[in-house]
Amino acid sequence: MQRRHFLRSSAAATASRLLRATEPAPAVVDLTAARNWVNLGGRLVELLTYNGRVPGPRIDLRPGQDVKIRLRNGLTEPTNLHFHGLHLAPSPGPDDAFLRIPPGDEHEYRFTLPLNHPGGTFWYHPHVHGYSAGQVAGGLAGAIVVRSDLETELGVADIPERVVFLQDFDLLPNGTLAAPSVSDVIQGREGPLVAASGETMPELAIRQDGLLRLRVINGSSSRFYNLSLEEHSFVVIGVDGGLVRSPFEAETIALTPGERIELLVRGNRNPGSYRFRSLPYARTRSGMGSLRLPASTSIELGRIVYTGGEGRSSPIPAQLGSVSPLTNPRLLRRFVLGQSMGGLGLGMVGTRPGMMAFTINGLGFDMDRIDTQVQLGETEDWEFLNSTAMDHPMHVHTNAFQIVGPGGTAAPAWKDTVLVKAGERTRVRTRFEDFTGLSVYHCHILDHEDQGMMGTLRIET
Ligand code: C2O
Ligand code: CU
Ligand code: CU
């Protein structure tokens, strides 16, 4: 074992971590963001790509690993990277939502994933205010999978798995990206072409009597998915920030933009092919002025296809990890999610002053204003109150949270994005750990984020 590894881990490590023979080799990733023609389900389409691919390359990481990611901006507008869900230092650290890499320029991201980072399914995407929705809806996003030793100990690491990276695209007949209308941007743009990990309706193989682990990521800019699998229920084993304590069954899973879910499918039906679908989900409750969402329909995302027998029939562990509940919040903050029609009719892209269609506590985003100042090491409860007719999935950078209001799992689990339904409220509990700096929280309907539904969070000692 290298001495540096030993020193870093000695404070909090478990025996098994200390026994790991080698430090993982550094992860080195080169990404180029650029417009490119790609083959999507047999159709040639022009999207925004990392390295010519949609989604971008999957990044596999291990806790304690050194990571170096070089991003070249081949777009015609500024971009950057955000590591959604990873516990990393915010601005001016590596997970800097305020950084702008100009067209033609490049930036090297360097960080060490904390040694105690939970394993789980995360993702990366651009985060320049005013450009996030357009770039993510254009295809710029990719999966990050963190594999921890805990999964090996639990025996879940060797279950066959597939990453299902959900994206939707709005394309013109000539295969180029359509420009959103004003009402698209207010509702949050959706596209009719839905892709799972860059394929349309992929076949996901499962062995008869075996298990298949699906790491599902909602990488769409605005579309919600309501997952269901013909004749099967799901066993939920993980949420945004890692494994849940006790796996539980679910027939359908609502997955908002930004959220991830880890599911086990059991191959316990008759051999065959079963539709993996997104059932209709209405994320706007009632008419808002004259604007209404078109009724959402069922979408086929892929198929689960049984292959030969001899699947793994070993049981799913009853207990997966132990997430200890956060306790003793120092205070309760309230965030009222609002909307003003002031932005209607204006150009909706960019950050021009006065364009505040979506607000938090009455204010549109201003990067030069500190909205929320907190102290490192403190625990707080945050309540989101949605005063609008649209659902808003609220996301916080840097530190995960536990849902303590309606909508949480029975046992504590690490989340970083939470659905706040139209007209409803929910409460989360978080602790500001390890990192100081300037972070953000926002609605993950990225059109809403671009139109102001974002606040700054300063974490200080
Ligand atoms: Cu995935 Cu601030 O976002
Ligand atoms: Cu994020
Ligand atoms: Cu929103």
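Cut-offs used in this document
Residues numbered from 1 in each chain as written. Chains lettered and ligands numbered in written order. Predicted model: local features only at pLDDT ≥ 70, side-chain atom pairs only at ≥ 80, totals over all residues. Heavy atoms only, no water. Helix = DSSP H or I, 4+ residues; strand = E, 2+ residues; numbered from the N terminus. Buried < 20%, exposed > 50% of the residue type's maximum accessible area, 1.4 Å probe, protein only. Contact = heavy atoms within 4.5 Å. Areas by Shrake-Rupley, 256 points an atom, 1.4 Å probe, with all protein chains shown as cover. pLDDT = per-residue confidence, 0-100. Pairing = 2+ DSSP bridges. Axes fitted to C-alpha atoms, helices over the stretch in contact; angles between N-to-C directions. Donors = N, O, S within 2.8 Å, 3.2 Å for Na, K, Ca; no water. Salt bridge = Lys/Arg side-chain N within 4 Å of Asp/Glu carboxyl O.

S.K.: What exactly am I supposed to notice about the overall build of the chain here?
M.R.: When helices and strands are counted, the chain shows six helices and 29 strands. Taken across its 461 residues, the chain has 55% of its residues classed as buried. Contacts in the chain between residues at least 24 apart in sequence constitute 78% of all its contacts with a sequence separation of at least 6. Entry remark: accessible area of the chain is about 18300 Å², with carbon and sulfur atoms responsible for 50%.

S.K.: How should I be thinking about the confidence of the model for the chain in this particular structure?
M.R.: Low-confidence regions, as indicated by low pLDDT, have predicted coordinates that should not be scrutinised in detail. On average, residues of the chain score 90 in pLDDT, and 88% of them reach the 70 mark or higher. Overall, residues 1-19 carries pLDDT values under 50, and its contacts beyond four positions in sequence, including any with other chains, amount to 23 contacts. The model gives residues 343-354 a pLDDT under 50, and that stretch makes 21 contacts with residues more than four places away or in other chains.

S.K.: Would you explain the sheet that holds strand E1 (residues 27-40) in this entry?
M.R.: Sheets are built from strands that pair by backbone hydrogen bonding, the pairs being arranged parallel or antiparallel. The strand order across the open sheet built from four strands is E2-E1-E4-E6, with neighbouring strands paired in mixed fashion. Either end of the sheet is taken by a strand with one partner, and the two such strands are strand E2 (43-50) and strand E6 (106-112). Shown here is a sheet whose adjacent strand axes are inclined to one another by a mean of 25°, direction ignored.

S.K.: Can you walk me through the coordination of the copper ion (ligand 2) in this structure?
M.R.: Six octahedrally arranged donors around a metal ideally form angles of 90 or 180 degrees; four tetrahedrally arranged donors ideally form angles of 109.5 degrees. At this site the copper ion (ligand 2) is bound by His82 (NE2) and His395 (NE2), with donor distances of 1.8 to 1.9 Å. Here histidine 82 is found in strand E5 (residues 82-84), whereas its partner histidine 395 is found in strand E24 (residues 392-396), with 313 residues between them in sequence.

S.K.: Is there a simple way to think about the environment of cysteine 443 in this case?
M.R.: Its place among the elements puts cysteine 443 in strand E28 (residues 437-443). Judged by relative accessible area, cysteine 443 falls into the buried class, the value being 0%. Cysteine 443 sits 24 residues away from leucine 419 along the chain, and the two C-alpha atoms are 9.3 Å apart. Leave out the neighbours within four places in its chain, and cysteine 443 touches His392, Pro393, Met394, His448, Glu449 and Met453.

S.K.: Could you clarify how one ought to interpret the coordination of the copper ion (ligand 3) in this entry?
M.R.: Within the first shell, the copper ion (ligand 3) binds the protein through His392 (ND1), Cys443 (SG) and His448 (ND1), at distances of 2.0 to 2.1 Å. Sequence positions of the donors to the copper ion (ligand 3) reduce to the motif H-x50-C-x4-H. You can call histidine 448 buried: its relative accessible area is 0%.

S.K.: Even after reading the chapter, I still don't get the pairing of strand E23 (residues 379-386), so can you show me in this structure?
M.R.: Within a regular strand, side chains alternate between the sheet's two faces. Buried residues dominate E23, accounting for eight of its eight residues. Of the two faces of E23, the one lined by Thr379, Asp381, Glu383 and Leu385 and the one lined by Glu380, Trp382, Phe384 and Asn386 are each fully buried. Relative to E23, strand E20 (residues 332-339) runs parallel, the two being bridged by six bridges. Opposite valine 336, over in E23, you have leucine 385 as the bridge partner. In terms of strand pairing, E23 meets strand E27 (residues 425-431) through seven bridges, oriented antiparallel. Paired with aspartate 381 across the two strands is arginine 429, which belongs to E27.

S.K.: Looking at this structure, how should I read the side chain of glutamine 135?
M.R.: Mapped onto the secondary structure, glutamine 135 falls in helix H3 (residues 132-137). Look past the residues within four positions of glutamine 135 in its chain and what remains in contact with it is Leu48, Leu75, Glu77, Pro78, Thr79, Pro126 and Leu140.

S.K.: Looking at this structure, how should I read the pattern of salt bridges?
M.R.: Oppositely charged side chains can pair when the atoms bearing their charge come close. Overall, the coordinates contain 35 salt bridges when judged by the stated rule. Note that glutamate 249 is salt-bridged to arginine 266, the shortest N-O span being 2.8 Å. Of this pair, glutamate 249 sits in strand E15 (residues 242-250) while arginine 266 sits in strand E17 (residues 260-266), and the two are 17 residues apart along the sequence. Judged by its relative accessible area of 48%, glutamate 249 is partly exposed. Under the relative-accessibility criterion, arginine 266 is labelled partly exposed at 23%.

S.K.: So what exactly am I meant to see when it comes to the side chain of histidine 125 here?
M.R.: By secondary structure assignment, the location of histidine 125 is in strand E7 (residues 120-125). Judged by its relative accessible area of 0%, histidine 125 falls in the buried class.

S.K.: I keep staring at unusual backbone geometry and nothing clicks. Help me out?
M.R.: A negative phi holds for most residues other than glycine; trans holds for most peptide bonds. Look at the link from valine 54 to proline 55: it is a cis peptide, with omega at -10°. Inspection of the secondary structure puts proline 55 in the loop between E2 and strand E3 (59-61). Cis geometry marks the peptide bond from serine 91 to proline 92; its omega dihedral reads 5°. When you line up the elements, proline 92 lands in the loop between E5 and E6. Backbone geometry places aspartate 209, a non-glycine residue, at a positive phi of 70°. Even without being a glycine, aspartate 434 presents a positive backbone phi close to 75°.

S.K.: What exactly am I supposed to notice about the sheet that holds E23 here?
M.R.: Pairing within the open sheet is mixed, and its five strands lie in the order E21-E20-E23-E27-E25. The open sheet has two free edges, formed respectively by strand E21 (358-360) and strand E25 (401-403), since each of these has just one partner strand. If you compare each strand with its neighbour and ignore which way they point, the axes differ by 25° on average. Relative to E27, E25 runs antiparallel, the two being bridged by three bridges. Bridge pairing in E27 links glutamine 402 to arginine 429.

S.K.: Honestly, the environment of alanine 89 in this entry has me stumped. Any pointers?
M.R.: For alanine 89, the position within the fold is in the loop between E5 and E6. Note: C-alpha distance between alanine 89 and phenylalanine 435 (346 residues apart in sequence) is 5.1 Å. Leaving out residues up to four positions away in the same chain, alanine 89 has contacts with Pro94, Asp95 and Phe435.

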